[in-house]
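# Summary of structural features
One-letter residues, chain by chain:
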Amino acid sequence: MFTKFPSSLSKICIRTGNVLNNNNFKQKAVQNPTEELVESVRVVLDRWAAEGVDASGDHLEVHVKDESDVPPEDDVSELRFSAKVYVTDGGPPALTEAIDKLLVILGGSHVDSLVLSYDGEDSENLPKLMELWTVLQDYVTANKIAQIGVADVETETFVKLYEMSTIKPAIVQISLATCCVVPPPLQEFTNKNDVQLLTHNDPKHVLPSEAMVNLFGDEEARSFKLLWMSRLLVHIKCRGVLASKSHLICIQRSQLT
Amino acid sequence: MGLLSEGSPLSWEKTKELADHVRKHGVIQFINLYHRLKNREGDVLKWGDEVEYIIVTFDHEKKVAQVSLRAPEVLSTLQEKELRDPNNVKSLWRPEYGAYMIEGTPGKPYGGLLAHFNIVEANMRMRRQEATHVLQGNEVLFSLTAFPRLGCPNFSSPSYKPTPSSGASCSLFIPDETIFPGHPRFKTLTRNIRLRRGEKVAINLPVFKDKKTQSPFRDDLRALGDASGDSNGAALPDHVYMDAMGFGMGCCCLQLTFQACNIREARILYDQLTPLCPIMAVYAQLRAADIDHLLAQHVAHLFVRDSVSLFSEKVDQDDHNDTDHFENIQSTNWQTMRFKPPSPPPPPPPPSPLLTRVILSYNINLLIPISKVSHSLPFTFLPFTSHSIAIVCFVVLLTRVILSYNINLLIPISKVDENMVRAQKRNAVNTERFWFRKDVGHESSSESPSDVCTLMTINEIINGKEGVFPGLIPLINNYLGGMDVDADTHCTIQQYLKLIARRASGELLTTASWIRRFVQSHPAYNEDSIVNERINYDLLAQADRIQKGEVTCPELLGHCIISKTHETIPKAVSKNYDCTD
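Quick caveat: nothing in here was measured; it's all calculated off a predicted structure. (Residues numbered from 1 in each chain as written. Chains lettered and ligands numbered in written order. Predicted model: local features only at pLDDT ≥ 70, side-chain atom pairs only at ≥ 80, totals over all residues. Heavy atoms only, no water.)

A tally of regular secondary structure across chain A gives seven helices and nine strands. A buried classification covers 56% of the 257 residues belonging to chain A. Of the accessible surface of chain A, which amounts to about 11000 Å², a share of 51% is contributed by carbon and sulfur atoms. (Helix = DSSP H or I, 4+ residues; strand = E, 2+ residues; numbered from the N terminus. Buried < 20%, exposed > 50% of the residue type's maximum accessible area, 1.4 Å probe, protein only. Areas by Shrake-Rupley, 256 points an atom, 1.4 Å probe, with all protein chains shown as cover.)

Here you go:
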């Protein structure tokens, strides 16, 4: 059972591996994405704690060795990799770190589509969003990501982002709760510009403080904060099959104790 | 509809003589087909629905509704477009057993994108419009399971008298003129099935007992022409007795066909969607040919039947390339689900893909004299387009969930049979409990079969049971959360899933309950279980007003089922996902 991180650690990244085969999820009432994240991270933490803590230095990566995030498909061309990265106030360095970790998991493959969800102090702050967008554009230019998009932005913000960017957003994600009442201007704009208007089922704050407490305990939840979170989805092309879903989260100590 | 070979039908005697020939070569053909295709990989998902319609004609002055035997005429008009330009039609039209029935399918299968779920409804509506357009002013299309007065005097227009001692059916209730006359298959089949059995079909359904129902309930079969007394011997007291294939084949079905990417996937889906049938005759032959146990069982089960219709041109075949004998047996076994290997690959047209065919019949636990033998998922399906679509999408999504999450729904076959019996009880959706697998996460288990399942209500299976099973709809929602779904498609799918969830929870009436309620509160109903011509007329007229949207029926359809269906998938989606065929 996980109780506490060694005090020497200032940053911890946790990778869940493919959660689709987690039998708990097939039995329990299906959770919202936050619960799914909490439960799948907990499994990894508990296993890590049980195996004996090996934490020299201030940085720790925890992941399950025997579970791959990418299915062993003979033909990678049959697969489609899509990712969603969720950043708080870490700015471009946090986003860069999140994407680099994804690319490591994928080995040589590129990400087919990546959606950014920015949940900073002021998520409609266009300059901050543009800073992050610039990071994404660089990855596209380097052929590491094919398509980029954003989630949960106001129509006006999205249109401005679209106009200001060199590499245009190919995707805008909106909450499932609003998929029947899409603002007409957004619908029109996306139609006109061939932007995919897709849905997601994620809460506004993917790892709220209650979930942090639930996962890391009171004390650790106070000392650490979420830096970034990402989700990697692997689809089998043209068959509507989800082959793998894995989560990565990175937390950082906000003050030394 | 299965194989429809053109040609000259052989007599039953001749067909019977050839039965062993067909069986023997059918098995060999299957074995060859299997070995040719077992390693085939990588087909993409394609799927489609087939909806059958009954043409009903209304006489508004006399307040009579009858099935209209104009299907041959209507079909030839509907098929004109396809004959001119077979590759670019949006719908295909085919004959069905009844001379009052037509079957419509989309012109091309739907593809492997979630966005395809959003064009099903538009296509179904378009098909209905297209067919309605060629009807006469007093005719209406229904996807009703059974015409309420099927087999009663004057149920068709024009009206004919049954011929109990001659013809194909020899039925006391169903005149041969109501069997589709445009293809020899249907009557040949009717005749040969009767001859194979050595007697007429005998279907007995418990009668819905009302306050003044005759007790014990018995039809006067002698008065209807049962000179030999055979029918009288086959009819059970307190049951509605039916003596012809037309009672089953003359009902509407919703069929769903989807393509698996390889034989393994097809089998997972087949197994998961309905457990396999018991071991039968030619099993040993299949096993010896290195076809594994379970698949062999299934195929063996098909071959216990003699073929029921043969055409003289098709008797001698090349077993390595032809599969007519296999198809012949396969297509005349009406099961809830069929495992359908690809058709043989004659060089010019490419082989058609591996298909698992799921046939869902609309299942009505109808009250009074007329109903049908039906089975399938423990639902009662609705004769309204929105419900057909909801069911089609639900099942296809469920197959995606099974494949994505590796869910194991297998339960012992005896429990499946028990479920079938329970499903046919009145108001099963609200009152019955069904066997369901306890732990859907486990691959397979060595536990005793009684340990793997538990009893659950339909509501618990569909919507979830705390701590035991998440529910099929929550699982579908979890799956959708991990897929790229465009907003309109997701909105539409949500409406369908809500409809199914609310019917499972009992919040909405099933069609059967709605019909029961309608009949029982009709002023012309005498509490005697009999749907007379006037009730029949009013029931169908009301159903038509509901399906046209002229009257709302929130207790049946819920409040707002407003989907965002489109005729085509959005350009931004099709551009980015190359799944076009």
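The discussion continues.
Quick look at the interface of chain A and chain B now. On the chain B side, the residues contacting the 35 residues of chain A number 46 residues. Taken over both partners, the interface formed by chain A and chain B buries close to 3400 Å², and the fraction arising from carbon and sulfur atoms is 52%. Across the contact surface, chain A and chain B share two salt bridges. In this structure, Lys 571 of chain B and Asp 194 of chain A form a salt bridge, with 3.7 Å as the shortest nitrogen-oxygen distance. (Contact = heavy atoms within 4.5 Å. Buried area = accessible area lost by both parts, 1.4 Å probe. Salt bridge = Lys/Arg side-chain N within 4 Å of Asp/Glu carboxyl O.)

With that out of the way, let us pick up the state of the cysteines. The full count for this structure, using the stated rule, is one disulfide over all chains. Sulfur-sulfur distance for the disulfide between Cys 180 of chain A and Cys 491 of chain B comes to 2.0 Å. Residues Cys 180 of chain A and Cys 491 of chain B share a disulfide whose torsion about the S-S bond is about 110°; that sign makes it right-handed. Placement of the pair is Cys 180 of chain A in the loop between β6 (171–175) and α6 (184–192) and Cys 491 of chain B in helix α18 (residues 487–504), with the two residues belonging to separate chains. With relative accessibility at 28%, the residue Cys 180 of chain A sits in the partly exposed group. The thiol sulfur of Cys 393 of chain B is not disulfide-bonded, and the nearest other cysteine sulfur, from Cys 491 of chain B, lies at 13 Å. Taking the relative accessible area as the measure of exposure, Cys 393 of chain B reaches 1% and is therefore buried. (Disulfide = S-S within 2.5 Å.)

Here we take up the pattern of salt bridges. Residue and element names in this part refer to chain A. All told, the structure shown has 23 salt bridges over all chains when counted by the stated rule. Of the charged contacts in the structure, one is a salt bridge between Glu 39 and Arg 42, with a shortest N-O distance of 3.6 Å. Taken together, the positions of Glu 39 and Arg 42, both in helix α2 (residues 33–50) and three residues apart, correspond to about one turn of that helix. On the basis of relative accessible area, Arg 42 is assigned to the partly exposed category, the value being 24%. Here Asp 202 makes a salt bridge to Lys 84, at a shortest N to O gap of 2.8 Å. Of the two residues, Asp 202 is situated in the loop between β7 (196–200) and α7 (209–223) and Lys 84 in strand β3 (residues 79–87); the sequence distance between them amounts to 118 residues. With a relative accessible area of 9%, Lys 84 lands in the buried category. Among the charged side chains, a network of salt bridges with common partners joins Lys 84, Asp 202 and Arg 231.

All names here are of chain A. Looking at where Thr 34 falls in the secondary structure, it is placed in helix α2. The exposure class assigned to Thr 34 is buried, which follows from its relative accessible area of 10%. Not counting chain neighbours up to four residues away, the residues in contact with Thr 34 comprise Pro 203, His 205, Val 206, Pro 208 and Ala 211.

Between Ser 157 of chain B and the following residue, Pro 158 of chain B, the backbone shows a cis peptide bond with an omega angle of -5°. In this fold, Pro 158 of chain B is placed in the loop between β6 (156–157) and α5 (184–197). Phi angles above zero are rare outside glycine, and Asn 143 of chain A is one such case at about 60°. Assignment of secondary structure puts Asn 143 of chain A in the loop between α4 (126–141) and β5 (145–151). Since its relative accessible area comes to 62%, Asn 143 of chain A is described here as exposed.

Residue and element names in this part refer to chain A. Contact geometry for helix α5 (residues 155–164) and α6: axes closest at 9 Å, N-to-C directions at 25°. One finds that α5 runs roughly parallel with respect to α6. Along this stretch, α5 crosses α6, giving a crossing that reads as left-handed. In this structure, α5 contributes Thr 155, Phe 158, Val 159 and Tyr 162 to the contact, and α6 contributes Pro 185, Leu 186 and Phe 189. (Axes fitted to C-alpha atoms, helices over the stretch in contact; angles between N-to-C directions. Parallel < 35°, antiparallel > 145°, perpendicular 65-115°, else oblique. Left-handed = near helix turned anticlockwise from the far one by under 90°.)

Residues and elements named next belong to chain B. Locating Arg 127 in the fold gives a position in helix α4 (residues 120–133). Note on Arg 127: relative accessible area 0%, which makes it buried. The residues touching Arg 127, leaving out its near neighbours within four places in the chain, are Asp 49, Val 51, Tyr 53, Ser 91, Trp 93, Gly 104, Thr 105, Pro 106 and Tyr 110.

Treat this as a map of the structure, not an account of what it does.
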